[in-house]
Each structure stands twice: as C-alpha cells, then as structure tokens.
Amino acid sequence: MNMRKQLVFVVLSLIAFGYAITSDANTYIVGDNSGWDISTNLDTWEQGKKFVVGDVLVFQYASTDSVCEVGQESFRTCNTTNVINCFSDGNTSIPLTSPGERYFFCGNRLYCYSGMKLDVIVERNQSDTTEAPLSSVPETESGGSKNNNPSTIVPSGVKSIYSESNLVLMGLLGFWGVLISIV
C-alpha cells in the first residue's frame, strides 16, 4: 500500500511539473522602466510582444495620471466619457482573461491625443485546451469607474516578464516532491 501512495504522489508531481512547463502566461510592466507615461513610446514597447490569455498588464503611473479601458471607437477618438473601467491608483494590474482586442488610454484627453494609449491583441493561450471564440471588449454606455480588476503594487525594479522564474520554482518543487516520494 505504501508503494501505491508513492506512485500516486510521483504522478501528481509530474503533472504539476508538466503544467508549470507549458504555462505561457507572463506579466508585462507597460512601458518597462518608463512606465505608463506621456514620454513613453508605447508603440515601440509593444513591438515583438505576444499577449495571450492569462497574461497580466501592469500599469505604473504618477498620481496625476490614470489608465482607462475603453472600446474601439472611444480609443480611436480619445473619448474619455465612454469608458469601461478607469483606474487612478498609480499601480494597476489588468488580467487578460479572454482573446480579442483590448484598448487602454490615459484619462487625460490631451495625453491620449499625444499617444498615451495602448491597443493590445490578446491571443488564445496555446496551453489552454478550451475553445472560445475571439471577441472584443464591448463598448459600454456607462461613464462610471468600476474597479473589477485587482490592483497590486509591483516594485519598479521587477523584470517586465517573469514567468521563467515561476517555471524554475515549480520545477524545483516538483523535483523535490519526487525525491521525497522515492526516499
């Protein structure tokens, strides 16, 4: 019976290790060290990045700025009266929970016109086996500022993408679990 428990533990550890290796999710600090700022070239920052379901965008900005999520038409015209969500806490994390196009800009209309806006295309996560249709975030009529997404404080020295460290940690934990079950 003891051997059976060890075998179950080994199998579960290997499953957890396999899941950690196939996870494609990343956390992106928008604008890297410059943050969400009028001086940041967000078009350049976005180049070469592939956003997938499960990723998180972290906006770090001054207390005088904000980040608003909007629909495509509001994004195109910098319409600050028709927002989906607006945040002004200086450190906002927005999880990318479904495939489609997402639109963000600064709540200061002049900053939006000057390029302080971000349009990301979120792709289906390759490790996710569920099939979901591509969809965009709908344009809403509400001008309110709901806070349905979590905000976290991220130190300014953190790397833009840190999933590799999570994979190493999960791998070490899985390996440790296998060793314990054998001994």
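Given the structure is predicted, the values throughout are model-derived calculations rather than measurements.

Criteria and thresholds
- Residues numbered from 1 in each chain as written.
- Predicted model: local features only at pLDDT ≥ 70, side-chain atom pairs only at ≥ 80, totals over all residues.
- Heavy atoms only, no water.
- Helix = DSSP H or I, 4+ residues; strand = E, 2+ residues; numbered from the N terminus.
- Core = buried A, V, L, I, M, F, W, Y, C linked by side-chain atoms within 4.5 Å.
- Buried < 20%, exposed > 50% of the residue type's maximum accessible area, 1.4 Å probe, protein only.
- Contact = heavy atoms within 4.5 Å.
- Phe/Tyr/Trp six-rings, centres within 6.5 Å; stacked < 30°, edge-to-face > 60°.
- Lys NZ or Arg CZ within 6 Å of the ring centre and 35° of its normal.
- pLDDT = per-residue confidence, 0-100.
- Pairing = 2+ DSSP bridges.
- Axes fitted to C-alpha atoms, helices over the stretch in contact; angles between N-to-C directions.

**Regarding the environment of Val53**
Turning to its location among the elements, Val53 is positioned in the loop between strand 2 (51–52) and strand 3 (56–60). For the pair Val53 and Glu123, spaced 70 residues apart in sequence, the C-alpha separation works out to 6.2 Å.

**Looking at the nonpolar core**
Grouped together as the largest cluster of nonpolar side chains are 20 residues, with contacts concentrated most on Val30, Trp36, Leu57, Phe59, Phe104 and Leu118. Contributing elements (two or more residues each) for this core: helix 2 (42–46), strand 3 and strand 8 (117–123). Considering every element that reaches this core, the biggest residue donor is strand 8, with 3 residues. Every residue in contact with Leu118, bar those within four places of it in the chain, is listed here: Val30, Trp36, Leu42, Trp45, Glu46, Leu57, Phe59, Phe75, Arg102, Tyr103 and Phe104. Membership of the second largest hydrophobic core comes to 8 residues, among which are Val70, Phe75, Val83 and Phe105.

**Considering the packing of aromatic side chains**
What the rule picks out here adds up to 6 aromatic pairs. Ring centres 5.3 Å apart and planes at 50° place the aromatic pair Phe59 and Phe104 in the tilted group. Of this pair, Phe59 sits in strand 3 while Phe104 sits in strand 7 (residues 100–105), and the two are 45 residues apart along the sequence. Taken as a pair, Phe59 and Phe104 share a single burial class, namely buried. Judged by centre distance (5.1 Å) and plane angle (45°), the ring pair of Phe75 and Tyr103 falls under tilted. Taken as a pair, Phe75 in helix 3 (residues 72–77) and Tyr103 in strand 7 lie far apart in primary sequence, 28 residues in all. You'll find Phe75 and Tyr103 in the same group, each marked buried. Ring pairs connect the aromatic residues Tyr28, Trp45 and Phe51, which therefore count as one cluster. Lys117 extends its terminal NZ or CZ atom over the ring of Phe75, reaching a point 4.6 Å from the ring centre.

**Observations regarding the confidence of the model for the chain**
On average, residues of the chain score 74 in pLDDT, and 56% of them reach the 70 mark or higher. In the model, residues 8–22 has pLDDT below 50 throughout and makes 15 contacts with residues more than four positions away in sequence or in other chains. Ignoring residues within four places in sequence, the model shows residues 134–165, a span with pLDDT below 50, making 69 contacts including any to other chains.

**Side note on the sheet that holds strand 6 (residues 91–95)**
Spatially, 1-3-6 is the arrangement adopted by the 3 strands of the open sheet, whose pairing is mixed. Lying at the two open borders of the sheet, with one neighbouring strand each, are strand 1 (27–29) and strand 6. Here the average twist between neighbouring strands, direction ignored, is 20°.

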